[in-house]
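One letter stands for each residue in the lines below.
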Amino acid sequence: MRVLLHHLGPEAFVILMWFLIFDKSSSQPHIVFILVDDQGFRDVGYHGSEIKTPTLDRLAAEGVKLENYYVQPLCSPSRSQLMTGRYQIHTGLQHSIIRATQPNCLPLDNVTLPQKLKQAGYSTHMVGKWHLGFYKRGCLPTKRGFDTFFGSLLGSGDYYSHYKCEGPGMCGYDLYEGEEAAWEQDRGVYSTMMLTRKAISILANHKPRKQPLFLYLAYQAVHSPLQVPARYLERYKGIPNLHRRKYAAMVSCLDEAIHNLTLALKRYGYYDNTVIVYSSDNGGQPLAGGSNWPLRGSKATYWEGGIRAVGFVHSPLLVNKGTKCRSLVHITDWFPTLVTLGEGTLDEDLNLDGYDVWEILFPLLDDVWSGTSPTRM
Ligand SMILES: *[C@@H]1O[C@H](CO)[C@@H](O)[C@H](O)[C@H]1NC(C)=O
Ligand SMILES: *[C@@H]1O[C@H](CO)[C@@H](O)[C@H](O)[C@H]1NC(C)=O
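Residues numbered from 1 in each chain as written. Chains lettered and ligands numbered in written order. Predicted model: local features only at pLDDT ≥ 70, side-chain atom pairs only at ≥ 80, totals over all residues. Heavy atoms only, no water.

As annotated in an unreviewed UniProt entry, the protein carries the name Arylsulfatase family member J and is attributed to Cyclopterus lumpus. According to UniProt, the comment filed for the protein under the heading Cofactor (unreviewed entry) is "Ca(2+)". The protein has a UniProt comment under Sequence similarities (unreviewed entry) that states "Belongs to the sulfatase family." (UniProt positions renumbered as here; feature names shortened; annotations may be inferred.)

Break down the packing of aromatic side chains for me, citing the residues and quoting the values.
This structure, assessed with the given rule, holds eleven aromatic pairs. Ring centres 5.3 Å apart and planes at 45° place the aromatic pair Tyr 160 and Tyr 190 in the tilted group. Placement of Tyr 160 in the loop between β5 (148-152) and β6 (163-165) and of Tyr 190 in the loop between β9 (180-181) and α6 (191-204) is noted, with a sequence separation of 30 residues between them. Using a relative accessible area of 26% as the deciding quantity, one classes Tyr 160 as partly exposed. A residue is classified by how much of its surface remains accessible, and Tyr 190, at 2% relative accessible area, is buried. Above the plane of the ring of Trp 303 lies Arg 296, whose end atom (NZ or CZ) is 3.8 Å from the centre. (Phe/Tyr/Trp six-rings, centres within 6.5 Å; stacked < 30°, edge-to-face > 60°. Helix = DSSP H or I, 4+ residues; strand = E, 2+ residues; numbered from the N terminus. Buried < 20%, exposed > 50% of the residue type's maximum accessible area, 1.4 Å probe, protein only. Lys NZ or Arg CZ within 6 Å of the ring centre and 35° of its normal.)

Please give an account of the state of the cysteines that cites residues and values.
Between two cysteines, a covalent bond joining their sulfur atoms is known as a disulfide. Tallying each qualifying case throughout the model produces two disulfides. Note that Cys 165 is cross-linked by a disulfide to Cys 171, the S-S spacing being 1.9 Å. Here the disulfide of Cys 165 and Cys 171 is right-handed, its torsion about the S-S bond being about 110°. When the bonded cysteines of the protein are counted from the start of the sequence, the pairing works out to 1-2, 3-4. (Disulfide = S-S within 2.5 Å.)

How would you sum up the pairing of strand β4 (residues 123-129)? Please name residues and give values.
Taking burial as the measure, the seven residues of β4 include seven buried ones, the bulk of the element. Taken together, the six bridges between β4 and strand β10 (residues 213-218) define a ladder with parallel strand orientation. The partner of Gly 128 across the bridge, within β10, is Ala 218. Pairing between β4 and β5: five bridges, direction parallel. From the neighbouring strand, Gly 128 faces β5, where its bridge partner is Gly 151. (Pairing = 2+ DSSP bridges.)

This is the structure we're talking about:
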């Protein structure tokens, strides 16, 4: 390098540095956001659970654990905040979840995280549970910033048949590819495996060095109904409560899925330039096997057990690997944080409620390298 620079002279050096610093394609990291459903605060190995989650434990231990991380107590409100960086009181989604028969969805004039990342040059993909409304085509994930979508529009459907019933006689098939029902595929395939397989095929079919990728992987697991392939139950014979036993097995399957995903990130050449965020959408539901101990309350309450979630960031790009972050981090913070990380723009009129928490989470090599830590808060 030094020899080369000697021959090239100062102008070339400036140009070379320019490319090193501003080569967009190589500096924009791939972003994989894993959102899980109803995983309780206690339901991860590193919080002292009897449920074994070796993959999550390892990813978190090598990353930054968010130990004061807050979300909303329910699904649609949390997801709306993740997508917009705004509290649900500002999007009209403060009441409850969006039900199948409700003509309601995330307002179309609210800018979404995938829209922003797409603007910044990302290829954007969603796999999993949407739950932000679908009463008209404009509400669908593919109209709200995602290049592709595979998954369900509601929540808590059957893990194998992918049917969702909202009441007696009110059942519908809830598995979509893009904007159409995915009738042919994956009937009878357990949701956690099906979604992971889809995510891996997206990784396999994209060129990581050509374009940065945003993958939003929103698992149906580990929400009720409590369904799981028998082989994951084996290791939890010792748990007397049947709901807890099945739930534990579902968490184990999820952990294996994320192991598979991580392997694929490595195999297809993403991993070294990827930031993985892992988050639950709300607290656990003890009636359906979840546990938030030692926190009080559960999903759907504003006690800590409803809103303080499991969350961590894992990336080889992190400098402060292996640390716990005790700063307050909120689900609305991902919008400004990830848009900034992806070198997108945040317009003044977005009126975001979230803050860019880059400085706490991602003192990236670039910042250390240039000796300055840009102030972005
Ligand atoms: C979000 O949508 C709501 C309802 O249309 C609107 O009142 C609000 O101004 C929008 N906010 C932003 C930041 O786009
Ligand atoms: C993980 O990958 C293995 C090997 O391909 C496969 O047998 C297993 O079902 C996968 N597990 C999940 C949860 O996707």
